[in-house]
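Structure assessment
Residue strings, one per chain:
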Amino acid sequence: IDCISHFTFFYYPKLYTPGQRNMYFNRTSFLLCIMQSCYNSLILFFIPYAALHDTVRQDGREIADYQSFAILLQTCLIIVVNAQIFLDTWYWTGINHFFLWGSMAAYFALTFTMNSNGLFFIFPTMFHVFVSGTGRNSLNQPNTWLIIFLTCLLCILPIVALRFIFIQTSPTINDKARKYKMRRDEIPAISLRPPATRRVSKRSSYAFSHSQGYGDLVTSQKFLDKKTPRRPLLFVKSLCKLAHMIIFGFFVTFTQL
Amino acid sequence: MMASSYNAKEEDGHHSGSSSHGGPGAIKSKKPDNTAFKQQRLPAWQPILTAGTVLPAFFVIGLIFIPIGIGLFVTSNNIKEFEIDYTGVEIDSPCYICAKNFSWNSTTSCVCSVNFTLDQPFESNVYMYYGLSNFYQNHRRYVKSRDDSQLNGVESNLKQPSKECEPYRTSDGLPIAPCGAIANSLFNDTLELFHINQNGTKQRVNVTKKGIAWWTDKHVKFRNPGGSSNLSVAFQGTAKPVNWRKAVYDLDPEDPENNGFINEDFIVWMRTAALPTFRKLYRIIQKKPNSTPTLSSGRYVMEITYNYPVLSFDGRKRMILSTISWMGGKNPFLGIAYITVGSICFFLGVVLLVIHHKYDTRTNSAEIPN
């Protein structure tokens, strides 16, 4: 749903054409999504791998251990996914802000809670989940945060650059509308087209239905091309997120085994 | 008649609570309330990728990253590191005989000496690491093979270790303490460093073995069972791991703070590494009080008690001496990556500026077609 209000769509029905022509959800865009998630997965693993190779903490102790590496990758992943949602959300209300920043805050709160000493004493055998002290020991290093910063930026910047190029070179009609609205702040309300002159006729609608009708429109098979998507735009983006995370999950699993 | 008028009123969408004279009760209208939340009219903000935001962002990122990258690269280059492989693969290496003649049940340990020369003096604290290659401490079955409750000093787990430790759970009918494959493969080479003076005498370099493990590991995660009194009594009824030469309460008998499960070498080994080539902190050489360098340049000899076999899986062992900075050990990758990404960003910003200039003038006057 665009910030262009529904009144604008009412006056300019051509703004509906990207949705009708399946411009946002077709095989090409899904393939691009898969390629982007492969690229993201490679960056998310290999940049921390190369940066933590033979590195230690500030006081000489270990930083490249299994759990610290895992926390580093998870943090990068969460930030990248949230940044992607940030870029894809066109209509920012208070609810969007709450869930986006809230999910990141919840991730950090949960990480530090799971890595606290108290939970370790209660459940010491849940080794993989409640690890004592890893979050504190790895996330307080400036090295770690520099790696996170680099990885997230390397994942996000190509997307921003490509979108900017596409908006400049071949803007869709919605992009043009957004730019127009941003400049003028209100698309001038044109008066409705006067409705097609009605046939003032004394014939009933039953008789009217016996006129030529729309038979040739139906039989011309124009309807077969335009499939209106049943799902709204946001579902595509969440599908892309899911693809991102699944591919990244497979990648991490294969490297562990 | 009444039914049709009732239906007509429903279709109108008005609240039909008052018109319930015809129906079985008050039926609420399905039309959502006319609030901003439900009609999706909340005040909102809309970000648009305009040239005014994207281009400065790219240039700023480029300008920030390049100095950070240069700083990281310079810092990494100033770290002094010395690495020596002592596996003993070639015939002419000092530890070749020890590597070849290794057997698990030999009572006398094999000692080999490796000579090396330091070209530059090492200032401030020097950290001595042992490094292993081709050792997959991140294999899933290996990582799970431990019992954290036993390592935390819980008595019940001392006598009945967890099932995850199989097949290193019991030996000769007695439970193994510490159980698991990670503990069983503890690195047990002894590395001693000697400095050869001008007149040829060997002088031992003083090292500390405390402070090499994480504070949370040593004081929270690992605890000895039954308090800190006589450890051999506390571990009675348990067996040592199969591939160890001495029991866990003999790891450092002189220092009760470093004996048993809280032995720092053991704790450092139990923190499994993420990558197949890793280094673990072995000893720390503290800096000298006056401005003498911690390790002056010159000849050194390292005496190794070769206990750990790596040739069966084509692994390599090495010893690393390194100084430390605020960003950790010597790793130029981050500096180079920052410089590269910064310059690419800057270049991309220039390219986008050209594209924007070329295309924006064309679409300035475009109206939205009806």
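Here the structure is a predicted model, which means the values were calculated and not measured. (Residues numbered from 1 in each chain as written. Chains lettered and ligands numbered in written order. Predicted model: local features only at pLDDT ≥ 70, side-chain atom pairs only at ≥ 80, totals over all residues. Heavy atoms only, no water.)

This next bit is on the overall build of chain A. Counting secondary structure elements, chain A contains 12 helices and zero strands. Residues classed as buried in chain A amount to 42% of the 257 residues present. Summed over all atoms, the accessible surface of chain A reaches about 15100 Å², with 68% contributed by carbon and sulfur. (Helix = DSSP H or I, 4+ residues; strand = E, 2+ residues; numbered from the N terminus. Buried < 20%, exposed > 50% of the residue type's maximum accessible area, 1.4 Å probe, protein only. Areas by Shrake-Rupley, 256 points an atom, 1.4 Å probe, with all protein chains shown as cover.)

If you tally the helices and strands in chain B, you get 11 helices and 10 strands. Every one of the 370 residues in chain B was classed for burial, and the buried ones make up 46%. Of the contacts made within chain B by residues no fewer than 6 positions apart, 77% connect residues no fewer than 24 positions apart. Element-wise, carbon and sulfur atoms account for 56% of the exposed surface of chain B, whose accessible area totals about 19000 Å². (Contact = heavy atoms within 4.5 Å.)

Below, the discussion takes up the sheet that holds strand E3 (residues 126–133) of chain B. Strands pair in a sheet through their backbones, by hydrogen bonds, and they do so in one of two ways: parallel or antiparallel. All names here are of chain B. If you trace the four strands from one edge of the open sheet to the other, you get E1-E10-E3-E8, paired in antiparallel fashion. On the outer flanks of this sheet lie strand E1 (81–85) and strand E8 (278–285), each paired with one strand and no other. The sheet shows a mean angle of 20 degrees between the axes of neighbouring strands, taken without regard to direction. Bridging between E1 and strand E10 (residues 316–322) involves five bridges; their strand directions are antiparallel. Paired with Ile84 across the bridge in E10 is Met319. (Pairing = 2+ DSSP bridges. Axes fitted to C-alpha atoms, helices over the stretch in contact; angles between N-to-C directions.)

Take the domain arrangement of chain B next. The domain boundaries assigned to chain B delineate domain 1 (53–79 + 330–356) and domain 2 (81–324). A straight line from the C-alpha centre of domain 1 of chain B to that of domain 2 of chain B covers 40 Å. (Domains from an automatic or database assignment.)

Looking now at the state of the cysteines. Using the criterion set out here, one finds three disulfides over all chains in the structure. Note that Cys95 of chain B is cross-linked by a disulfide to Cys112 of chain B, the S-S spacing being 2.1 Å. Judged by the sign of its S-S torsion, about 85 degrees, the cystine formed by Cys95 of chain B and Cys112 of chain B is right-handed. Of the two residues, Cys95 of chain B sits in the loop between E1 and helix H3 (96–100) while Cys112 of chain B sits in strand E2 (residues 110–118), which places them 17 residues apart along the sequence. Disulfide pairing places Cys165 of chain B opposite Cys179 of chain B at an S-S distance of 1.9 Å. Of the two residues, Cys165 of chain B sits in the loop between helix H6 (155–159) and strand E4 (170–171) while Cys179 of chain B sits in the loop between strand E5 (174–175) and helix H7 (181–184), which places them 14 residues apart along the sequence. Summarising the burial analysis for this pair, Cys165 of chain B and Cys179 of chain B share the class buried. For chain B, the bonded cysteines connect in the pattern 1-4, 2-3, 5-6 when numbered consecutively along the sequence. The cysteine Cys152 of chain A is free of any disulfide, with Cys76 of chain A supplying the nearest cysteine sulfur at 4.8 Å. Cys345 of chain B carries a free sulfur, and the closest cysteine sulfur to it, the one in Cys155 of chain A, is 13 Å from it. (Disulfide = S-S within 2.5 Å.)

On to the UniProt feature "transmembrane region" (unreviewed entry) in chain B, then. Residue and element names in this part refer to chain B. Under the UniProt annotation, "transmembrane region" (unreviewed entry) lies at residues 48–74 and 333–355. End C-alpha to end C-alpha, residues 48–74 measures 39 Å, and it is 89% helix and 0% strand. Regarding residues 333–355, the helix share stands at 100% and the strand share at 0%, and the terminal C-alpha atoms are separated by 32 Å. (UniProt positions renumbered as here; feature names shortened; annotations may be inferred.)

Next up on the list: the nonpolar core. Core analysis: the largest hydrophobic core is formed by 62 residues, its most contacted members being Tyr86, Phe116, Phe266, Trp269, Met302, Met319 and Leu321 of chain B. Residue contributions to this core peak at six residues, all from E3 of chain B. If you look at the next biggest cluster of nonpolar residues, it comprises 53 residues, including Leu44, Ile63 and Ile79 of chain A together with Phe58 of chain B. (Core = buried A, V, L, I, M, F, W, Y, C linked by side-chain atoms within 4.5 Å.)

Here we come to the pairing of E8 of chain B. Residues and elements named next belong to chain B. Taking burial as the measure, the eight residues of E8 include eight buried ones, the bulk of the element. As paired strands, E3 and E8 are joined by seven bridges and run antiparallel to one another. Its bridge partner being in E8, Tyr127 is matched across the sheet by Ile284.

Across the contact, 71 residues belong to chain A and 79 residues belong to chain B. Across the chain A to chain B interface the summed buried area is about 7000 Å²; carbon plus sulfur atoms make up 66%. For the interface between chain A and chain B, the tally reads four salt bridges. Of the charged contacts, one joins Asp54 of chain A and Arg279 of chain B as a salt bridge, the two residues approaching to 3.6 Å between their closest N and O atoms. Of all elements in the fold, only helix H3 (27–51), helix H4 (66–88), helix H6 (117–122), helix H7 (134–139), helix H8 (142–169) and helix H9 (173–184) of chain A reach the threshold of two or more residues within the side of chain A that touches chain B. In terms of residue count, the dominant contributor to the side of chain A that touches chain B is H8 of chain A (17 residues). Tallied by class, the residues present in the side of chain A that touches chain B amount to 40 nonpolar, 19 polar and 12 charged. (Buried area = accessible area lost by both parts, 1.4 Å probe. Salt bridge = Lys/Arg side-chain N within 4 Å of Asp/Glu carboxyl O. Nonpolar A, V, L, I, M, F, W, Y, C, P; charged D, E, K, R; others polar.)

Here we come to unusual backbone geometry. In the segment running from Glu166 of chain B into Pro167 of chain B, the intervening peptide bond is cis, with an omega of 0 degrees. Checked against the element boundaries, Pro167 of chain B lands in the loop between H6 and E4. Note the cis peptide between Ala177 of chain B and Pro178 of chain B, where omega equals -5 degrees. If you trace the backbone, Pro178 of chain B turns up in the loop between E5 and H7. One non-glycine residue, Asp54 of chain A, lies in the positive phi region at around 60 degrees.

What follows is about the pairing of strand E9 (residues 298–306) of chain B. For a regular strand, side chains alternate in direction, first toward one face of the sheet and then toward the other. Residues and elements named next belong to chain B. Across the nine residues of E9, seven count as buried, placing the element largely inside the fold. In terms of strand pairing, E2 meets E9 through nine bridges, oriented antiparallel. Across the sheet, Leu118 pairs through a bridge with Gly298, a residue of E9. Bridging between strand E6 (residues 190–196) and E9 involves seven bridges; their strand directions are antiparallel. Within E9, the residue paired with Phe194 across the bridge is Val301.

All names here are of chain B. Enumeration over the complete set of coordinates arrives at 23 salt bridges over all chains. The residue Arg146 makes a salt bridge to Asp148 at a minimum N-O spacing of 3.2 Å. A relative accessible area of 6% means that Arg146 is categorised as buried. A salt bridge links Glu192 to Arg204; the nearest nitrogen and oxygen atoms lie 3.8 Å apart. Here Glu192 is found in strand E6, whereas its partner Arg204 is found in strand E7 (residues 202–204), with 12 residues between them in sequence.

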